[in-house]
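# Breakdown of the fold
Listed here are the chains, written in short residue letters.
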Amino acid sequence: MVVDREPARLSFEADIRPLFTQGDRTAMLEFFDLWSFDDVVRHGAAIAERLADGSLPRDIRWSDAHVSMFDRWRAEGANP
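Report on the accompanying structure.

The rules behind these values
- Per chain, residues are indexed from 1 in the order of the written sequence.
- It should be noted that, the model being predicted, local features are given only for residues of pLDDT at least 70 and side-chain atom pairs only at 80 or more, the latter also being counted only at that level, while totals for whole chains, interfaces and linings use all residues.
- Hydrogens and water molecules were not included; the side-chain quantities draw on all heavy atoms of the structure.
- Under this scheme, a helix contributes an axis fitted over its contacting stretch, all axes are lines through C-alpha atoms, and angles between N-to-C directions fall in the 0 to 180 degree range.
- By the criteria applied, helices consist of DSSP H or I runs no shorter than four residues and strands consist of E runs no shorter than two, each listed in order from the N terminus.
- In this scheme, roughly parallel covers angles under 35 degrees and roughly antiparallel covers those over 145, while 65 to 115 is roughly perpendicular and the rest are oblique.
- Less than a right angle of anticlockwise turn of the near helix away from the far helix marks a crossing as left-handed, whereas a clockwise turn marks it as right-handed.
- Contacts are assigned to residue pairs with any non-hydrogen atoms lying within 4.5 Å of each other.
- Burial classes follow relative accessibility: with a 1.4 Å probe on protein chains only, a residue under 20% of its type's maximum area counts as buried, one over 50% as exposed, and anything between as partly exposed.
- Directions from the helix axis toward the C-beta atoms define the arc.
- Definition used in this section: a nonpolar core is a set of buried Ala, Val, Leu, Ile, Met, Phe, Trp, Tyr and Cys residues joined via side-chain atoms within 4.5 Å.

This brings us to the packing of helix 4 (residues 44–53) against helix 5 (residues 64–75). Each pair of packed helices can be summarised by the angle the axes make with each other and by the distance between the axes. As a packed pair, helix 4 and helix 5 sit with axes 10 Å apart at the nearest point and diverge in direction by 160 degrees. With respect to each other, helix 4 and helix 5 are oriented roughly antiparallel. Helix 5 is crossed by helix 4, and the crossing has left-handed handedness. Contacts from G44, A45, I47, A48 and L51 in helix 4 reach V67, F70, D71 and R74 in helix 5.

Right under this line is the structure:
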């Protein structure tokens, strides 16, 4: 018997923060800290826009799966 399970909720510390490199963090520190849960939640809409248009991160564009993960994390309520 196959049981459909909902995917585990994403968390900032385990799933989202590791996607941002030290270079990403350094480049954005003038505006906010990409390694800070509170900052990423506060600026989530702007970060999501920049991820979608490819202007963030600055070094290597995220895959569609990573952008979707960020969007899903926000939709789930941005779990720490």
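Having put the structure on the table, let's press on.
Moving on, we get to helix 4. Side chains three or four residues apart in an α-helix point the same way, a direct result of the helix having 3.6 residues per turn. By the burial criterion, the buried members of helix 4 are G44, I47, A48 and L51. Taken around the axis of helix 4, the buried residues stretch over an arc of 100 degrees, which confines them to a single face. Exposed and oriented more than 90 degrees from the buried face of helix 4 are E49 and D53. G54, located one to two residues past helix 4, shows a positive phi value of around 85 degrees.

Before going further, it helps to examine the nonpolar core. Grouped together as the largest cluster of nonpolar side chains are 18 residues, with contacts concentrated most on F20, L34, I47, F70 and W73. Of all the elements in the fold, those that place two or more residues in this core are helix 1 (12–16), helix 4 and helix 5. Beyond its immediate sequence surroundings of up to four residues, I47 is in contact with F20, F32, L34, V40, L56 and F70.

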